[in-house]
Amino acid sequence: MRVPRVIGSALVAGALLVAACTPAARTELPRELRGPEVNAARQAAIGAADEDLRQLTGAAPLAANLDGCRDLRARHAGFAWRCTVTRMATVVAEDVTIGLQDQADRLRGHDCAAFPGLGTSQEQLEDGVPIEDLVEVSYHCPDRTIVMIRFSRPGDQQLRDKLDLTTLLQGSGADNVVSGKPIAKANVDRLIADDSQGLILIVSVIRTYWLTPS
């Protein structure tokens, strides 16, 4: 059946608008993950994650966000889909040791726990491991919340990749994205160029808002 030209133009315009607002991704979410109940849970998770991020970073501004659902059907995980929101901020510090200790204290005060955690990261630094080569750490926090921290410094050639939320192990991935906004290029350039800072912490708060049993 031939689509009228006006309707066809509107469909194309709508598709372009969606593409402009979300990362490139394949969307194949089942209908039940698009309903009002799931959306209400999503909005509540966004608000809670923003508050977590504010407390855990000393109110550093939101730098990037991602909302999507990971397909778990092939993993025998007991769930078919897990939907999460991820909110990310960057924290910089002139002194590496003070920056790591401050972040560890904030996580402890938020009742988050990890093994290994930032204490192990500090030990690795003392053993000579470069900041940019530290392995990211995951903290488990209340309300099924995960906080992931990646390490970088000005001039780090891997920084742009570390700021990509679709690569977080505990996040939603890139395949079934509902919405998202990557960090602005100008902010990345500023982080790379500011050699007055000794440490860049990329702090990502991941909140699960929906689980579908398999």
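All of these numbers come straight from a predicted model, not from anything done at the bench.

Caption draft 1: Main features of the overall build of the protein. If you tally the helices and strands in the protein, you get six helices and six strands. For the protein, the N- to C-terminal ordering of α and β elements is α-α-β-β-α-α-β-β-α-β-α-β. Counting only residues that meet the buried cut, the protein has 43% of its 214 residues in that class. Sequence-distant contacts in the protein: of pairs separated by 6 or more residues, those separated by 24 or more amount to 76%.

Caption draft 2: Summary view of the sheet that holds strand β6 (residues 199-213). With antiparallel pairing, six strands are arranged side by side in an open sheet as β3-β4-β6-β2-β1-β5. Each edge of the open sheet carries a strand with a single partner, namely β3 (137-141) and β5 (177-181). Between one strand axis and the next, the sheet turns by 20° as a mean value, whatever way the strands run. Examined bridge by bridge, strand β1 (residues 64-71) and β5 share four bridges and lie antiparallel to one another. Following the sheet pairing, Asn65 is matched in β5 by Lys181. Sitting on the sheet, helix α2 (residues 36-57) is in contact with β1, β2 (79-93), β4 (145-152), β5 and β6, with an inclination near 155° to β6.

Caption draft 3: Examining the state of the cysteines more closely. Across all of its chains, the model carries two disulfides by this definition. A disulfide bridge connects Cys112 with Cys141, and the sulfur atoms are separated by 2.1 Å. Handedness here is read from the sign of the S-S torsion; for Cys112 and Cys141, about 115°, the answer is right-handed. Separated by 29 residues along the polypeptide, Cys112 in the loop between α3 (96-109) and α4 (118-126) and Cys141 in strand β3 bring together distant segments of the chain. Residue classification places Cys141 among the buried positions, given a relative accessible area of 10%.

Caption draft 4: Region of interest: the pattern of salt bridges. Enumeration over the complete set of coordinates arrives at 13 salt bridges. Across the salt bridge formed by Asp143 and Arg207, the nearest N and O atoms sit 3.7 Å from each other. Taken as a pair, Asp143 in the loop between β3 and β4 and Arg207 in strand β6 lie far apart in primary sequence, 64 residues in all. Residues Lys185 and Asp189 are paired through a salt bridge, measuring 2.7 Å at the closest nitrogen-oxygen approach. Linking Lys185 with Asp189, this pair stays in helix α6 (residues 185-193), spanning four residues, or about one helical turn. Salt bridges sharing common partners tie together Asp52, Asp143 and Arg207.

Caption draft 5: Spatial organisation of the side chain of Asp67. Relative to the elements of secondary structure, Asp67 occurs in strand β1. By relative accessible area, Asp67 is classed as buried at 4%. With residues up to four places along the chain from it excluded, the contact list for Asp67 reads Arg42, Thr84, Val85, Ser172, Val177, Val178, Ser179 and Tyr209.

Caption draft 6: Fine view of the environment of Val96. You can see Val96 is positioned in helix α3. Spatially, the C-alpha atom of Val96 lies 5.5 Å from that of Leu199, the residues being 103 residues apart in sequence. Apart from residues lying up to four places away in sequence, Val96 is in contact with Leu125, Ile131, Gly198 and Leu199.

Analysis parameters
- Residues numbered from 1 in each chain as written.
- Predicted model: local features only at pLDDT ≥ 70, side-chain atom pairs only at ≥ 80, totals over all residues.
- Heavy atoms only, no water.
- Helix = DSSP H or I, 4+ residues; strand = E, 2+ residues; numbered from the N terminus.
- Buried < 20%, exposed > 50% of the residue type's maximum accessible area, 1.4 Å probe, protein only.
- Contact = heavy atoms within 4.5 Å.
- Pairing = 2+ DSSP bridges.
- Axes fitted to C-alpha atoms, helices over the stretch in contact; angles between N-to-C directions.
- Disulfide = S-S within 2.5 Å.
- Salt bridge = Lys/Arg side-chain N within 4 Å of Asp/Glu carboxyl O.

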